[in-house]
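Read off the chains here:
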Amino acid sequence: MGLSRQNGENEFRDLVRAGQIGAMITLALGAAGIAGWIFDEPISRTLWKGGSEMKFNTAVALTAMGVGLLSAMRRAVWAKVLARIAAGLLLLISVPTVLQYVFSANFGIDELFFRDSNFVATTHPGRMAWYTASSVVLLGTGILLLTRKTGDAAALTQWLALAAGFFPLQALIGYFYATMAVLGMTAQTGYMSIPTAIALLCGAGALLLHAPGRGIMAVLTSATPGSVASRALMIVLVIVPLAMGWVALSLVRRGEHTIEYGIATVALITVVLLVTLTWLNAFRLNKAEEALRDREEQLRFVTDHVPVFIVQCDADTRYKFVNAAYAERFPSRAEDIVGKKIREVVGSRAYESFRHHVETALAGKRVEFEEKIPYEQFGERWMHCIYVPEKALGGEVIGFVAVIHDVTTRRAAEEALRESEEHFRSLAEGMPHMVWECDRFGAWHYRNAAWTEYSGAAMESVPASSWLNYYHPDDQLLLTRAWNETLRSQGAIRFDVEARMRRQDGVYRWFRVTAAAVRNAAGEIVKWAGTCTDIDEQKRAHEVLEHTVKERTARLRETVHELEAFSYSIAHDMRAPLRAMQGFAAILEQEYASQLDGTARSYLQRLVTASGRMDRLIVDILNYSKVVRGELDLAPVDVQKLIGTIIESYPNLDAGRADIQIEGALPLVRANEAALTQVISNLLGNAVKFVAPDVRPRVRIYAEGMSVPGEADMVAVCFEDNGIGMPRESQKRLFNIFTRLNRPGLYEGSGIGLAIVKKAVERMGGRVGVESEPGKGSRFRVELRRADGI
Amino acid sequence: MREFLTLLIEDDENDVFFLEHAMRKAGWPGAMKVLRDGAEGIAYLTGAGAFADRTEHPLPSLIILDLNLPVKTGLEVLQLFRNTEPDKVVPVIVFTSSTSDIDMRDAYRFGANCYLTKPSHPDALLEVVQALKTHWIRYNQTPTSWE
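Computed from a predicted model, the values in this text were never measured in an experiment.

Definitions and limits used
- Residues numbered from 1 in each chain as written.
- Chains lettered and ligands numbered in written order.
- Predicted model: local features only at pLDDT ≥ 70, side-chain atom pairs only at ≥ 80, totals over all residues.
- Heavy atoms only, no water.
- Helix = DSSP H or I, 4+ residues; strand = E, 2+ residues; numbered from the N terminus.
- Contact = heavy atoms within 4.5 Å.
- Areas by Shrake-Rupley, 256 points an atom, 1.4 Å probe, with all protein chains shown as cover.
- Buried < 20%, exposed > 50% of the residue type's maximum accessible area, 1.4 Å probe, protein only.
- Pairing = 2+ DSSP bridges.
- Right-handed = clockwise from strand over helix to strand, strands pointing away.
- Axes fitted to C-alpha atoms, helices over the stretch in contact; angles between N-to-C directions.
- Phe/Tyr/Trp six-rings, centres within 6.5 Å; stacked < 30°, edge-to-face > 60°.
- Patch = residues over 30% accessible without salt bridge, like charges linked within 9 Å, V, L, I, M, F, W, Y side chains within 5 Å.
- Salt bridge = Lys/Arg side-chain N within 4 Å of Asp/Glu carboxyl O.
- Lys, Arg positive; Asp, Glu negative; His and termini not counted.
- Charge placed at Lys NZ, Arg CZ, Asp CG, Glu CD.
- Expected span 1.5 Å × (residues − 1).
- pLDDT = per-residue confidence, 0-100.
- Buried area = accessible area lost by both parts, 1.4 Å probe.
- Polar contact = N/O pair within 3.5 Å; in protein donor to acceptor, adjacent residues only side chain to side chain.
- Nonpolar A, V, L, I, M, F, W, Y, C, P; charged D, E, K, R; others polar.

**Q** Mind showing me how you'd approach the overall build of chain B here?
**A** Broken down by element type, chain B carries five helices and five strands. Ordered by position from N to C terminus, the α and β elements of chain B give β-α-β-α-β-α-β-α-β-α. Long-range pairs, those at least 24 residues apart, make up 67% of the contacts in chain B between residues at least 6 apart in sequence. Working note: accessible area of chain B is about 7,200 Å², and carbon and sulfur atoms make up 52% of it.

Encoded structure:
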């Protein structure tokens, strides 16, 4: 409805144009009349020979009417003024004329400009007919109303136009049926001429059509079923009776039929016509009613299933409509609520809390509010309400429509959020740590009191992007990089940096700066929350500690180095006298054997053996010390090639004495070649040494991958022998220095070989292990880092 | 032709005995001069003090040098000799009980021509001496004079 009213001017452009044409016809006929009087040309006053004449006053009035109507239809100010002048002229001419008829007076205005010499059938020469004057008064008033600046008087204007149109219509029908008297026109009232009747009819039409979408015209022009039906009926109802009357009259006049026959025929046809039209109308209205009911049902369906309350009330605050959701709320049925007053349903306390909003809506204003309403039935609820006033065609408020949403849950959530935020904020404010927040792009928007106190800068005075300036210039690059990395990784990379921050007195202190992403339910980052923890004291203590540790480590290393050098030189210096013992004993044995008896030779033999063992022991200790002390540079070493070289250079490993097999390819490992040589030769040496008597030593060497996940870069080289093996309890101390598991005499050894193996492998970043059972051989695993890029 | 002179700088008399014993057994040719500390070695090699007379104390054909020497170490002897007499490149055989990598590196860096560790058994020593004789005396050539 509102929509069609807004577009009215465009929608009814054709009707408005028709009105303008009507006004122009009125103007043209009036002007022709004036010309007829001025140039004494009767035909332009009568339109055809013998017709009654348009009076001069009438001609002037019609001209003014035409001008008035055309001006009134324009918006410009000058047009409105012109229309008012024209309307005034109309009233100035017509009102005294009417008064002359009413009081049977003669004010001398009838022949003010021209003498009416050839007047016919009137008692007042030159005087405008009574019907014309009445019609002009009505139209003049109507035009005056049109020029009003405020208020909508469309309906009143249209009623005036209809009334004014009645008189010319009456005259025209009289002329049509050639009976003026029947229609009340006499010599006393004067006869309205045909051009006057046409001009007035056009003028009335123009006034009627000035606003086709408003007032009583709206009933005819709207798209409602009533309007559609009435538009169709109107034409039939105007044309058919006129035509029937004329036919019947003609027949009677020609004497072919009696008056009774004529009237009876007209009555019959009128009955048939009216019954048909009534039936048609009823049929159309039923159809419209059905469509209306369908629409109502659809509307009801929609309103019953939207998750809001929809209510329609009249001006007396009585419910006209409530949707199902609203009725269920109270709990009641919609039909039980309709007709009751709001107060009765929601309770006095609740109603009083929002009564002023209802009053505002009923005063014609749209209201939207969100308030806590104390319902009797279910306590206080937060309601979001929109009241839209409902207006009648005339503009008066007849009630309002309300759309109401219970937002208690949302409000509670908001409240909880606010409380929780406040809680955290007060927690943050009270903390000795600095707490800050920034938006998801990194712009700062919150710093707690600790931050302000430390930096000396008030929150407001610090631009959102200047956080970096508070840190030591040397730390800014680190902070920027870390922060950008965290932002880029969407928080996957944690922001955790130690940096120096400037205190208000210019002193820098160490802080641990961290930040974590705050995400919404969808996992999107909404902001960042961070802390700065003063770690200055720890940091300084740590620095002091580190310095102390470094110093002590250096001293310790020096001591160890001295000790090692000492033990090395002892071992080394012990070899010189031992060499002398061995040498002299050997020379004695070789060159003076003939001068010694059996006992002396046996003693000498023991001396040689003991010194030999001592020498091996010293050599082993020196090797061990070398492995422990020396720098071990690691490089890729081809194990397979290395083992080949070792087997070639050790006589006890050659194929004649032992069976050593390499199975499969052995990998490249990261090792120190000299140390690895020592390791492998010791292992192979043990493997061929510790076998049962009369058993040919057999050694299998092969590589094995790692089964432990995360150690894919390691590889194990295994040495499996057929030796005497060892019990489980011995395996643990096998790699300790000076550990020997066998009685001297049976298997000679210093107990250092495997200690060297363990130490060397560990120093190369590897591990060594053994699996063994007495009598079933042993398997040694040497695990080292691969160097072949896996 | 000048007589083959071997200069042995060694402080341990047992080692001197064993070496001479082995050399004798191996038939080591020429004369043998023994010095007992590093300072003496330096003096002899640079022709200083009591050793100024080169006719009486000629430069040797081969030097056998122990590292662990009193007064001046063998490495000091070697370094000083090679630095003060760069033209007199007499072959130097380092003969020591040290198996240290550092000693080996330094010895070669300062101009040693050979590095041998002292074997403990006389048989092994004899083997080494025989190998030295074969290499340095039988096959290796030296100029008639270092001057």
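**Q** Help me understand the pairing of strand E1 (residues 5-9) of chain B in this model?
**A** Two faces belong to every sheet, and in a regular strand the side chains alternate between them. Residue and element names in this part refer to chain B. Counting buried positions along E1 gives five out of five residues, so the element sits mostly inside the fold. With burial as the criterion, each face of E1 is covered, one bearing Leu-5, Leu-7 and Ile-9 and the other bearing Thr-6 and Leu-8. Two elements, E1 and strand E2 (residues 31-35), share five bridges in a ladder whose sense is parallel. Considered in E2, the bridge of Ile-9 is made with Leu-35. With helix H1 (residues 13-26) bridging E1 and the parallel E2, this β-α-β connection has right-handed handedness.

**Q** How do you make sense of the sheet that holds E1 of chain B when you look at a structure like this?
**A** Hydrogen bonds along the backbone pair up the strands of a sheet, which may run parallel or antiparallel. Residues and elements named next belong to chain B. Within the open sheet, the five strands sit side by side as E2-E1-E3-E4-E5. Their pairing is parallel. At either margin of the open sheet sits one strand with a lone partner, and together these are E2 and strand E5 (114-117). Neighbour-to-neighbour, the strand axes of the sheet open up by a mean angle of 20°, direction not taken into account. Sheet topology places E1 next to strand E3 (residues 62-65); four bridges connect them, and they run parallel. Bridging across to E3, Leu-8 finds its partner in Ile-64. Helix-sheet contacts for helix H2 (residues 38-46) involve E1, E2 and E3, and the interaxial angle to E1 is about 150°. Packed on one face of the sheet, helix H4 (residues 101-109) meets strand E4 (92-96) and E5 and runs near 150° to E5.

**Q** Sorry, what's going on with the packing of aromatic side chains here?
**A** For any two aromatic rings, the description comes down to two numbers: the centre-to-centre distance and the angle of the planes. Residue and element names in this part refer to chain A. Under the defined criterion, the tally for this structure stands at 28 aromatic pairs over all chains. Relative to Trp-130, the ring of Tyr-101 lies with its centre 6.0 Å away and its plane at 80°, an arrangement referred to as edge-to-face. Here Trp-130 lies in helix H7 (residues 130-146) and Tyr-101 lies in helix H6 (residues 77-102), a separation of 29 residues in the sequence. Accessibility expressed as a relative area gives 15% for Tyr-101, which makes it buried. Geometrically, the ring pair formed by Tyr-351 and Phe-354 is edge-to-face, given 5.6 Å between the ring centres and 80° between the ring planes. A residue pair is termed a helical-turn pair when its members lie 3 or 4 positions apart in one helix, as Tyr-351 and Phe-354 do in helix H16 (residues 348-362) at three residues. Under the relative-accessibility criterion, Tyr-351 is labelled buried at 7%.

**Q** Teacher, can you tell me more about a negative patch on the surface here?
**A** Together, Glu-289, Glu-290, Asp-294, Glu-296 and Glu-297 of chain A line one region of the surface with negative charge. Mapped onto the elements of the fold, Glu-289 of chain A is located in helix H12 (residues 259-305).

**Q** Quick question: what am I supposed to make of the pattern of salt bridges here?
**A** As a working rule, side chains carrying opposite charge can pair if their charged atoms are close by. All names here are of chain A. One pass over the structure, following the stated rule, counts 44 salt bridges over all chains. Of the charged contacts in the structure, one is a salt bridge between Arg-500 and Asp-475, with a shortest N-O distance of 2.9 Å. In this pair, Arg-500 is assigned in strand E8 (residues 495-502) and Asp-475 in helix H19 (residues 473-488), connecting sequence segments 25 residues apart. Residues joined in a network through salt bridges with shared partners are Glu-704, Arg-767, Glu-771, Arg-779, Arg-781 and Glu-783.

**Q** How should I be thinking about H7 of chain A in this particular structure?
**A** Since the α-helix advances by 3.6 residues per turn, residues separated by three or four positions end up pointing in the same direction. Residue and element names in this part refer to chain A. The end-to-end C-alpha distance of H7 is 25 Å, a good match for the 24 Å that 17 residues give at a rise of 1.5 Å each. For H7, the buried fraction is high: twelve of the 17 residues fall into the buried class. Turning to H7, its buried residues are Tyr-131, Thr-132, Ala-133, Ser-134, Ser-135, Val-136, Leu-139, Gly-140, Gly-142, Ile-143, Leu-145 and Leu-146. Of the surrounding secondary structure, the elements contacted by the buried residues of H7 are helix H5 (56-72), H6, helix H8 (154-176) and helix H9 (194-208).

**Q** What should I look at first to understand the pairing of strand E4 (residues 379-391) of chain A in this one?
**A** Residue and element names in this part refer to chain A. With nine bridges joining them, strand E3 (residues 367-375) and E4 adopt antiparallel strand pairing. Following the sheet pairing, Ile-373 is matched in E4 by Arg-381. The hairpin turn running from E3 into E4, its antiparallel successor, is three residues long. Two successive antiparallel strands, E4 and strand E5 (residues 397-406), enclose a turn made up of five residues, where Gly-395 displays a positive phi of approximately 105°.

**Q** Would you explain the confidence of the model for chain B in this entry?
**A** Reading fine detail from the predicted coordinates is not recommended where pLDDT is low. With 97% of its residues at a pLDDT of 70 or more, chain B shows a mean pLDDT of 90. Scored as a complex, the prediction yields pTM 0.39 and ipTM 0.81.

**Q** Please clarify how the sheet that holds E8 of chain A should be interpreted in this entry.
**A** All names here are of chain A. The five strands lie next to each other as E7-E6-E10-E9-E8, forming an open sheet whose pairing is antiparallel. A strand with exactly one partner marks an edge of an open sheet, and here the two such strands are strand E7 (444-447) and E8. Strand-to-strand twist in this sheet, taken as the mean axis angle between neighbours without regard to direction, amounts to 25°. Pairing analysis gives six bridges linking strand E6 (residues 434-439) to strand E10 (residues 525-534), with the strands arranged antiparallel.

**Q** So what exactly am I meant to see when it comes to the interface of chain B and chain A here?
**A** By convention, interface size is frequently given as the accessible area that disappears when the constituent parts associate. Across the boundary between the two partners, chain B contributes 19 residues, which contact 16 residues of chain A. Of the roughly 1,600 Å² buried between chain B and chain A on both sides combined, carbon and sulfur atoms contribute 49%. The three residues of chain B that bury the most area against chain A are Phe-18, Ser-97 and Ser-120 of chain B, which together make up 32% of that side's buried surface. Scanning the region where chain B abuts chain A turns up two salt bridges. The shortest N-O distance in the salt bridge between Arg-579 of chain A and Asp-15 of chain B comes to 3.0 Å. The tally of links from chain B across to chain A stands at four residue pairs in polar contact (both at pLDDT 80 or more). Every element with two or more residues in the side of chain B that touches chain A is listed here: H1 and helix H5 (122-139) of chain B. With six residues, H1 of chain B is the largest single contributor of residues to the side of chain B that touches chain A. Broken down by class, the residue content of the side of chain B that touches chain A amounts to four nonpolar, nine polar and six charged.

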